[in-house]
There are 2 protein chains.
Amino acid sequence: VIITVTPNPALDLTYHVDAFEAGASLRVDTARVRAGGKGVNVARVARQAGERSIAIAAVGGPTGREFADELKTSGLDHVLVPASGATRRSVAVVDAASGETTIMNERGAPVTADDRAALASAVRASLPGARCLVVSGSLPPGMPTAFCAELVREAHDAGIPVVVDAVEDALVEAARAGADVVKPNRAELRATTGLADPIAGARVLLKHGARLALVSLGAEGMLAVTRDAALHARMPQPLDGNPTGAGDAAVAAVAVSIVTGDDDLRSRLVRATAWSASAVLRPVAGELADNFRDLEHNVGVMDA
Amino acid sequence: VIITVTPNPALDLTYHVDAFEAGASLRVDTARVRAGGKGVNVARVARQAGERSIAIAAVGGPTGREFADELKTSGLDHVLVPASGATRRSVAVVDAASGETTIMNERGAPVTADDRAALASAVRASLPGARCLVVSGSLPPGMPTAFCAELVREAHDAGIPVVVDAVEDALVEAARAGADVVKPNRAELRATTGLADPIAGARVLLKHGARLALVSLGAEGMLAVTRDAALHARMPQPLDGNPTGAGDAAVAAVAVSIVTGDDDLRSRLVRATAWSASAVLRPVAGELADNFRDLEHNVGVMDA
């Protein structure tokens with residue numbers, strides 16, 4: 001079982017418009033409503049790939065009820081703990097004319113010490129039987145940056161490897177706690193380390209204590225950096241589509257590699273690169289195109 | 001008591017952004033959430049002006065629960081009947097840089113015959129004790145255009161005057177049923193009658209059977225047209241602000257005139273024009289600026 005934690009879940013509303021125009025009043029179809037957040041996306045992808053996954057999050061208010069309803073409808077296993085604040089929304093407007101997506105991402109309600117304790121306790125309770133823990137996405141206002149590191153230590157105490165997709169202090173602290181995999185993208189890694197070169201940035205996180213840094217480079221593919229090796233993988237050509245959720249597919253790929261006992265660096269990187277590319281072909285985050293396993297054969301890998 | 005009916009209520013979400021940019025991912029504060037729809041706005045304004053008002057609407061789903069929660073919090077008297085579909089959303093993004101507001105207006109879920117009957121029955125039950133009925137706003141998909149006319153007849157059977165803010169067939173049928181006041185804006189009147197001249201358009205509605213047509217002209221003020229007279233009122237200069245809800249304030253003004261027994265055409269028009277201008281000064285629909293009564297002294301009226 002892969003356990004995913006989403007510290008800052010969101011109720012995702014998506015509108016599709018024919019021709020977006022700032023300042024206009026547009027008639028639109030009912031928003032597609034989805035339980036969102038990076039950890040939830042990771043759990044969806046892992047499940048699509050045939051692994052059992054459980055999404056853990058704290059939700060509150062009427063938006064939290066909608067979040068719970070949608071998870072139930074989608075059939076994704078989940079553990080939701082009550083949060084004191086209402087779950088935030090994220091509103092995406094997809095413009096068919098330009099292909100652009102405009103997103104209003106709510107910061108979210110501040111979390112309390114009790115909220116934090118309740119979420120950590122739900123994670124702790126889920127660890128027996130788990131094979132991998134994923135902590136993914138931004139932290140809500142009021143959540144200490146030590147939260148990810150705290151979960152890394154809890155999971156390690158239970159003998160369970162941890163993948164962390166976070167940024168800045170939270171990512172550095174998770175690396176220091178010995179996170180098995182860290183997965184920033186290039187911009188996040190630069191914001192975290194101050195280094196423009198992603199391999200140099202990855203090595204900073206390894207030096208802190210992380211064991212593998214997976215760095216997504218968008219259309220240029222992905223890097224896998226360990227203390228002994230640095231590999232660069234990419235598709236023969238970039239795929240057109242929706243990049244939202246591509247990073248989550250890479251995280252799901254590495255989590256599935258962990259639970260299936262595949263510890264070969266090259267094969268982990270190939271899978272992460274292929275699944276990530278496959279996610280780009282899908283209009284929403286948290287899904288892979290049907291050919292996601294075939295795409296693994298197309299990935300080219302070289303030393304970085 | 002003023003009873004307002006909102007056939008197509010919406011849960012209004014409003015985001016304020018510093019600099020809107022299509023294609024960007026913007027961090028925003030939690031949406032301001034409000035029970036919306038024209039009839040609800042009219043009830044809010046009438047209450048602010050010291051008249052008791054009751055907002056009637058049919059709501060459903062999780063958005064309907066949020067709608068009900070917000071009405072409860074705001075203290076507005078209301079009667080909500082359960083709808084089979086979920087209440088639609090309307091998402092507004094207010095851009096501080098340009099002053100523009102971009103709105104995604106969901107069409108809403110189709111209503112069933114049972115939904116229609118339940119709403120009509122709630123209106124019927126509210127008529128004893130009412131002094132004015134207001135039917136305001138668009139019709140949801142599946143609602144017959146005869147709905148407004150049906151309510152006009154019900155109210156008249158109970159001896160209660162009716163104000164209708166609707167468009168096209170629904171407006172024409174309401175006029176034919178003898179609506180006491182119809183309130184289209186200039187564009188709606190043109191869409192309804194095919195006539196560019198608002199006085200000529202107003203006279204078409206009077207010919208159908210309406211007794212007073214109030215036509216809002218935006219910055220150019222407002223027309224009041226009866227079989228015997230046509231008056232044009234305007235502020236000495238247009239006011240800058242948010243025009244959303246200006247028409248609802250005019251409807252509330254005429255409803256308040258009706259329940260307070262003020263049947264002088266000139267004074268009704270002055271009040272509608274002043275309140276409408278006052279609503280422009282407020283950032284959200286359903287509110288008047290504090291000086292709304294003072295503004296009545298500034299309105300200029302001439303024969304049209």
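Look up a bit, the structure's there.
What comes next concerns the included structure. Everything quoted here is computed from the prediction, not taken from an experiment.

## Examining the overall build of chain A
The secondary structure content of chain A amounts to 10 helices and 15 strands. Over its C-alpha atoms chain A spans a radius of gyration of 18 Å, differing by no more than 12% from the 19 Å that the globule rule assigns to 304 residues. Reported as C-alpha extents along the three principal axes, the dimensions of chain A are approximately 55 × 45 × 35 Å. Of all intrachain contacts in chain A linking residues separated by at least 6 positions in sequence, the fraction that spans at least 24 positions is 66%. Roughly 11,800 Å² of accessible area belongs to chain A as shown, and the carbon and sulfur atoms make up 49% of that amount.

## Comments concerning the state of the cysteines
Residue and element names in this part refer to chain A. Inspection of the entire model under this criterion finds 0 disulfides over all chains. Among the cysteines around cysteine 132, which has no disulfide bond, cysteine 148 carries the closest sulfur, lying 14 Å off. Cysteine 132 sits in the buried class, given a relative accessible area of 0%. Relative accessible area serves as the criterion here: at 1%, cysteine 148 is assigned to the buried category.

## A short note on the relation of the copies chain A and chain B
Its rotation angle being 180°, the transformation that places chain A on chain B also includes 0.0 Å of axial translation and leaves an RMSD of 0.0 Å. What we have between these two chains is a two-fold relation. A shared interface surface links the copies, since 100% of the contact residues of chain A are contact residues in chain B too.

## Quick look at the sheet that holds strand β4 (residues 32–36) of chain A
Spatially, 5 strands are ordered β4(A)-β2(A)-β7(A)-β8(A)-β3(B) in an open sheet, and the strand pairing comes out mixed. Lying at the two open borders of the sheet, with one neighbouring strand each, are β4 of chain A together with β3 (25–28) of chain B. Strand-to-strand, the axes of this sheet are offset by a mean angle of 20°, without reference to chain direction. Judged from the 5 bridges that link them, strand β7 (residues 88–95) of chain A and strand β8 (residues 101–106) of chain A form a sheet pairing that is antiparallel. From the neighbouring strand, A:Val94 faces β8(A), where its bridge partner is A:Thr101. Those strands touched by helix α2 (residues 61–74) of chain A are β2 (10–17), β4 and β7 of chain A, and its axis lies near 90° from that of β4(A).

## Thoughts on the interface of chain A and chain B
Counting residues at the interface gives 34 residues for chain A and 34 residues for chain B. Between chain A and chain B, roughly 3,000 Å² of surface is buried when both sides are summed, and carbon and sulfur atoms account for 47% of that area. The largest contributions to the chain A side of the interface with chain B come from A:Arg27, A:Met104 and A:Arg107, which together make up 21% of the buried area. The interface formed by chain A and chain B includes 4 salt bridges. B:Arg89 is paired through a salt bridge with A:Glu66; the nearest N and O atoms lie 2.9 Å apart. Run the count over chain A and chain B and you get 20 residue pairs in polar contact (both at pLDDT 80 or more). Elements that contribute at least two residues to the side of chain A that touches chain B include exactly β2, β3 (25–28), α2, β7 and β8 of chain A. Counting residues per element, the side of chain A that touches chain B draws most heavily on β8(A), which supplies 6 residues.

## Some remarks on the pairing of strand β5 (residues 53–59) of chain A
Residue and element names in this part refer to chain A. Across the 7 residues that make up β5, a large majority, 7, are buried. Both faces of β5 are covered, namely the face carrying Ser53, Ala55, Ala57 and Val59 and the face carrying Ile54, Ile56 and Ala58. With 5 bridges connecting them, strand β1 (residues 2–6) and β5 associate as parallel partners. Residue pairing for β5: valine 5 is matched across the bridge by isoleucine 56. Handedness of the β-α-β unit built from β5, α2 and strand β6 (residues 78–82) comes out right-handed.

## Describing the packing of aromatic side chains
On inspection of all chains with the given rule, the structure shows 3 aromatic pairs over all chains. Both rings, one in A:Phe20 and one in B:Phe20, keep their centres 5.9 Å apart while their planes meet at 40°; by these two values the pair is tilted. Of this pair, A:Phe20 sits in the loop between β2 and β3 while B:Phe20 sits in the loop between β2 (10–17) and β3, which puts the two residues in different chains. Each member of the pair, A:Phe20 as well as B:Phe20, is classed as buried.

## Considering the nonpolar core
In this structure, B:Leu119, B:Leu133, B:Leu151 and B:Val164 are the most contacted members of the largest nonpolar core, which totals 45 residues. With 6 residues, helix α4 (residues 147–157) of chain B is the single largest residue contributor to this core. In terms of nonpolar packing, the next biggest core, distinct from the first, is built from 44 residues, A:Ile56, A:Leu127, A:Ala130 and A:Phe147 among them.

## Notes on helix α5 (residues 168–176) of chain B
Among the residues making up α5(B), those that are buried are B:Ala170, B:Leu171, B:Val172, B:Ala174 and B:Ala175. The positive-phi residue at the C-terminal boundary of α5(B) is B:Gly178, with phi of around 90°.

## Notes on helix α7 (residues 198–208) of chain B
Residue and element names in this part refer to chain B. Within α7, the full set of buried residues consists of Pro198, Ile199, Gly201, Ala202, Leu205 and Leu206. Looking down the long axis of α7, one finds its buried residues gathered within 160° of arc, a one-sided arrangement. Residues of α7 that are buried make contact with α5, β11 (181–182), α6 (186–193), β12 (212–216) and β13 (222–225). Its side-chain oxygen 3.2 Å from the backbone nitrogen of isoleucine 199, aspartate 197 forms the N-cap of α7. Following α7 by one or two positions, glycine 209 adopts a phi angle in the positive range, close to 140°.

## A word on the sheet that holds β3(A)
The strand order across the open sheet built from 5 strands is β3(A)-β8(B)-β7(B)-β2(B)-β4(B), with neighbouring strands paired in mixed fashion. The open sheet is flanked by β3 of chain A together with β4 (32–36) of chain B, the only strands paired with a single partner. Strand-to-strand twist across the sheet, computed as the mean angle between neighbouring axes with direction ignored, equals 20°. Note that β3(A) and strand β8 (residues 101–106) of chain B share 4 bridges and pair parallel.

## Structural notes on the pairing of β1(A)
All names here are of chain A. With 5 of its 5 residues buried, β1 lies for the most part within the structure. Of the two faces of β1, the one lined by Ile2, Thr4 and Thr6 and the one lined by Ile3 and Val5 are each fully buried. Note: β1 against strand β9 (residues 132–136), 4 bridges, orientation parallel. Residue pairing for β9: isoleucine 3 is matched across the bridge by leucine 133.

## A few points about the pattern of salt bridges
All chains considered together, the criterion is met by 26 salt bridges over all chains. Residues B:Glu150 and B:Arg116 are paired through a salt bridge, measuring 2.3 Å at the closest nitrogen-oxygen approach. Of the two residues, B:Glu150 is situated in helix α4 and B:Arg116 in helix α3 (residues 113–126); the sequence distance between them amounts to 34 residues. If you follow the salt bridges from partner to partner, you end up with A:Arg34, A:Arg282 and A:Glu287 in one network.

What counts as what
Residues numbered from 1 in each chain as written. Chains lettered and ligands numbered in written order. Predicted model: local features only at pLDDT ≥ 70, side-chain atom pairs only at ≥ 80, totals over all residues. Heavy atoms only, no water. Helix = DSSP H or I, 4+ residues; strand = E, 2+ residues; numbered from the N terminus. Rg over C-alpha atoms; globule rule 2.2 N^0.38 Å. Contact = heavy atoms within 4.5 Å. Areas by Shrake-Rupley, 256 points an atom, 1.4 Å probe, with all protein chains shown as cover. Disulfide = S-S within 2.5 Å. Buried < 20%, exposed > 50% of the residue type's maximum accessible area, 1.4 Å probe, protein only. Least-squares fit on C-alpha atoms with pLDDT ≥ 70 in both. Pairing = 2+ DSSP bridges. Axes fitted to C-alpha atoms, helices over the stretch in contact; angles between N-to-C directions. Buried area = accessible area lost by both parts, 1.4 Å probe. Salt bridge = Lys/Arg side-chain N within 4 Å of Asp/Glu carboxyl O. Polar contact = N/O pair within 3.5 Å; in protein donor to acceptor, adjacent residues only side chain to side chain. Right-handed = clockwise from strand over helix to strand, strands pointing away. Phe/Tyr/Trp six-rings, centres within 6.5 Å; stacked < 30°, edge-to-face > 60°. Core = buried A, V, L, I, M, F, W, Y, C linked by side-chain atoms within 4.5 Å. Arc of directions from axis to C-beta.

Bear in mind that shape data such as this cannot, by itself, settle questions of function.
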